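Secondary and tertiary structure notes
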Amino acid sequence: MARTIIVSNRLPVKVQRDSNGDLQYKSSEGGLATGLGSIYKDGDNVWVGWPGLYFKDKNKAQKAEVTEKLTSENMDPVYLSESEIKLFYEGFSNETLWPTFHYFNQYALYKKSYYDAYKKVNQKFCDAVLELANPDDTIWIHDYQLMLVPDMIRQKLPDASIGFFLHIPFPSFEVFRLLPWRRELLDGVLGSDLVGFHTYDDMRHFLSAVSRICFIGNQQGQITKDRRTIMIDSFPIGIDYDKYANSSAAPSTLSKEVKFRTSMGDQKLMLSIDRLDYSKGIAARLEIFDIFLSKYPEYQNKISLIMVVVPSRDTVEKYKNLKEEVDLLVGRINGKYGSMNWTPIHYFYRSFPLDDLSAFYRMADVALVTPMRDGMNLVCKEYVASKLDKKGVLILSEMAGASKELSEALIVNPNDKHQVVDAIYKALTMPVEEQEKHMAFMQKAIKKFDIHHWVKLFLDRLNSVKEQQKVMGTKVMDDSMVENIVNEFKSKEKRLLFLDYDGTLVPFNSDPKEAKPDDELRNLLTQLTADKNTNVVIISGRDKDTLQEWLGEFDVEFVGEHGVWLKMRGEDWKTIDSLDDSWKDAIRPILEMYTDKTPRSFIEEKDYSLVWHYRQVETGLGELRAREIISHLKYLSSNMNLEVLEGNKVVEIKNLEINKGKATSRWADTKNKNNFVFAVGDDWTDEDTFKAMPKHACTIKVGDLRSAAKYSVKDHFAVRELLSLMANS
Ligand SMILES: O=P(O)(O)OC[C@H]1O[C@H](O[C@H]2O[C@H](CO)[C@@H](O)[C@H](O)[C@H]2O)[C@H](O)[C@@H](O)[C@@H]1O
Ligand SMILES: O=c1ccn([C@@H]2O[C@H](COP(=O)(O)OP(=O)(O)O)[C@@H](O)[C@H]2O)c(=O)[nH]1
């Protein structure tokens, strides 16, 4: 049976040694583990990850014990050595990627030794998956610690169904580009079939990095790499809503609440819960509380902040420093305002079990969730789910992914301390009806988009991306297909070959004038046309003069300007009589206006078409202008019977009745089943050719799998190789 293999750095269970050296199994803290912890036990699913501690050689027996226990609970442990923990986990993951992705790039260290270890450990995870995976399993890789794993698996299992989800923000291109290993990281992730992010912003930052660093554009989030389509989308993670709602109603929670309440007295309570992390804005939050108490002194003795800080990554320098800073600040504020019967801040530097957390959530009049950056932040969702009476106010940083969904919260900028201070006041004075109204809206939203919904949405989408890849109809050409095509070519008396030029016979060149035929191509054309029963038609968007100048010496026929011009064997160039080019005077000034404001763009004027080229324009700007031109010309072109087409770094405007497919109808030989009919091309204009071909024709798309062609080859080298085999058969 097909399984889902979840792969993440940390397993949902953390193994620790107590002071006697005995093993203890605890639930892992952190959103990823608590989020997915609900689903991995289903059926035969398995979770591959690190159990959180390392074993020396002498501890072999303990290691075996851990393996046995975790395996029996659907987990497959990947063990890291002490140095791997240092260089891969603390190093590259948490001293390079974490700060960069959270916009703390001044904290980032760029060390080659870190990256080398990252690569090695990613390979280790890949190997663990390869050991387990069956062909129809779904492999779902999580987070920044494992960005190279998707492509590592893809290299070994080309057809595998691979999803990747990033739980932290994906930074803007300007920040991401700082990483020396930016290209490797993107290539690694692009081994997936589906890449998910929490928010639309993360997704568009990723697409922009892919466009600028890998030079791959996207269409509605879909990109094509190595002839495989990859979908990029946003899937905001949810929580196990019922688990938190039920826990909030449980008798054990209620008795804890009574106990805590009694010890804290009758005052307003504000809650904050985070792992110790500079991205969570803990120190700034303490300063905010300090300002609040001095700005609104009437709340002194009347409000306490319960602050839970869960130890995290405490061997990393910046985290150690932060711990000291937080300890100092808490001490200072408690010293400054506290009294015999009032402690302003109840500070806990440890983690709590669910019923304790639920009691905190129930008790809190206000939840203060103010990270500087957070991929999602589940604590705020858990707070909302736990508020069974709907009383309570959430103050939420706009820098947390969750703010995109929880817009009824008091949304604040954590850098604007006075805004947050005033939000605390507003929360404490908010009428109960208003609290209930906001809470009800938020509960409705997160109840529907819970963790089960998220998992289903992602996995269903991955499935449909995979299905879409399969039904694209275009088969990647393999050796046996090549052999069949060559045999067919050989066996037929007459042969008709439609060959596109740019991107098909020669590589795509940033300067179109530089794409002249080289010696190899010239030889190939000579060989192919040596047999008079082989008729070669060069079918191109190029103007007739260029085609004549570059290829006129060969015994080939031509379609120029996508079908405006034709040249049959032994005849002169001719055109369609009814064509009109007077429309150019209206369109040219519009294209010139865009050329004037887009450095390095240019206009190509052909007899019956105008082309705006942006192959040399800054990535992104060219695409933006192309969309502007297309929308600018939308109505004008339909009134003038013109077609506006977006091609490979071009926008082409031409008469509606012209296309390569229509042009091929001049060759009646294509209809004859006894002939070998062949068409090859690389861009959208060639799709018209493929569609116009009879069923028995062999049609080949270069470089992409999304096509009406039967087969697909990688590049012009593969086309030349195939043509050469035909010519020499
Ligand atoms: O494994 P650790 O180094 O101890 O860190 C704990 C986890 O922290 C991060 O959690 C993120 O995932 C949450 C759920 O999607 C999200 O709400 C939060 O904003 C993220 O920070 C990290 O991404 C995980 O890989 C860690 O395991
Ligand atoms: O004592 C604690 C405090 C927090 N958490 C959990 O840790 C997770 C924190 O996730 P969040 O997305 O807010 O941040 P992350 O730590 O993943 O960056 C939440 O599910 C909390 O319930 C926990 O298990 N025990």
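You'll find the structure just up there.
So, here is what we can say about the structure in this document. None of these values were measured; they are calculated from a predicted model. (Residues numbered from 1 in each chain as written. Chains lettered and ligands numbered in written order. Predicted model: local features only at pLDDT ≥ 70, side-chain atom pairs only at ≥ 80, totals over all residues. Heavy atoms only, no water.)

**Topic: the site of ligand 1**
Neighbouring residues of ligand 1: 19 residues in total, closest R10, Y89, D143, H167 and D374. At 2.5 Å, a side-chain N or O of Y89 approaches an oxygen atom of ligand 1. Here an oxygen atom of ligand 1 and a backbone polar atom of N377 are 2.9 Å apart. Broken down by secondary-structure element, the contributors of at least two residues to the shell around ligand 1 are α1 (31-36) and α3 (82-101). Considering only residue class, the shell around ligand 1 consists of eight nonpolar, six polar and five charged. Mapping the shell around ligand 1 onto the domain boundaries places at least three of its residues in each of domain 1 (4-78 + 119-234) and domain 2 (241-448). (Near = heavy atom within 4 Å. Polar contact = N/O pair within 3.5 Å; in protein donor to acceptor, adjacent residues only side chain to side chain. Helix = DSSP H or I, 4+ residues; strand = E, 2+ residues; numbered from the N terminus. Nonpolar A, V, L, I, M, F, W, Y, C, P; charged D, E, K, R; others polar. Domains from an automatic or database assignment.)

**Quick notes on helix α15 (residues 417-428)**
The terminal C-alpha atoms of α15 lie 17 Å apart, and with twelve residues this matches the ideal 16 Å at 1.5 Å per residue to within 8%. For α15, the complete set of buried residues consists of V420, V421, A423, I424, A427 and L428. Across the axial projection of α15, the buried residues extend over an arc of 160°, all falling on one side. (Expected span 1.5 Å × (residues − 1). Buried < 20%, exposed > 50% of the residue type's maximum accessible area, 1.4 Å probe, protein only. Arc of directions from axis to C-beta.)

**Quick notes on the pattern of salt bridges**
Opposite charge on two side chains permits them to pair, given that their charged atoms come into close proximity. In total, this model carries 54 salt bridges according to the counting rule given. Between R177 and E174 there is a salt bridge, with its nearest N and O atoms 2.9 Å apart. The class for R177 is partly exposed, based on a relative accessible area of 35%. (Salt bridge = Lys/Arg side-chain N within 4 Å of Asp/Glu carboxyl O.)

**Details of the nonpolar core**
Ranked by size, the top nonpolar core spans 102 residues in total, and within it F125, F206 and F292 carry the most contacts. The element contributing the most residues to this core is helix α4 (residues 112-132), with nine residues. Looking at which domains feed residues into this core, each of domain 1 (4-78 + 119-234) and domain 2 (241-448) gives three or more. Not counting the four nearest positions on each side in its chain, F292 is found in contact with Y299, I303, V421, I424, Y425 and L428. Ranked by size, the runner-up nonpolar core spans 64 residues in total, among them L23, M264, I273 and W454. (Core = buried A, V, L, I, M, F, W, Y, C linked by side-chain atoms within 4.5 Å. Contact = heavy atoms within 4.5 Å.)

**Re the sheet that holds strand β24 (residues 609-613)**
Pairing in this open sheet of four strands is antiparallel, and the strands run β23-β24-β26-β25 from one edge to the other. The open sheet has two edge strands, β23 (602-605) and β25 (642-647), and neither has a second partner. Strand-to-strand twist across the sheet, computed as the mean angle between neighbouring axes with direction ignored, equals 15°. Relative to β25, helix α22 (residues 621-639) is tilted by about 165°, and along the sheet it contacts β24, β25 and β26 (650-655). (Pairing = 2+ DSSP bridges. Axes fitted to C-alpha atoms, helices over the stretch in contact; angles between N-to-C directions.)

**Considering the side chain of S601**
Within the secondary structure layout, S601 lies in the loop between α21 (584-596) and β23. Taking relative accessible area as the criterion, S601 reaches 9% and is therefore assigned buried. Here S601 is in contact with Y594, T595, W612, H613 and V617, once residues within four sequence places are set aside.

**With respect to the sheet that holds strand β4 (residues 46-50)**
Strands pair in a sheet through their backbones, by hydrogen bonds, and they do so in one of two ways: parallel or antiparallel. Pairing within the open sheet is mixed, and its eight strands lie in the order β5-β4-β1-β6-β7-β8-β10-β9. What marks the edges here is a single partner per strand, and that holds for β5 (75-77) and β9 (222-225). Geometrically, the sheet is characterised by an average inter-axis angle of 20° between neighbouring strands, direction not taken into account. Bridge count between strand β1 (residues 4-10) and strand β6 (residues 138-142): four bridges; the pairing is parallel. Opposite V7, over in β6, you have I141 as the bridge partner.

**Examining the packing of aromatic side chains**
Overall, the coordinates contain 41 aromatic pairs when judged by the stated rule. Here the aromatic rings of W50 and Y89 are separated by 5.0 Å at their centres, their planes lie at 50°, and the arrangement is tilted. With W50 in strand β4 and Y89 in helix α3, this residue pair connects regions lying 39 residues apart in the sequence. Note on accessibility: W50 and Y89 belong to one class, buried. Three or more aromatic residues joined by ring pairs form one cluster here, namely F88, F92, Y115, Y118 and W181. Above the plane of the ring of Y107 lies K318, whose end atom (NZ or CZ) is 4.6 Å from the centre. A cation over a ring is seen here: K323 above Y349, with NZ or CZ 4.4 Å from the ring centre. (Phe/Tyr/Trp six-rings, centres within 6.5 Å; stacked < 30°, edge-to-face > 60°. Lys NZ or Arg CZ within 6 Å of the ring centre and 35° of its normal.)

That's the geometry; what it means functionally is another story.
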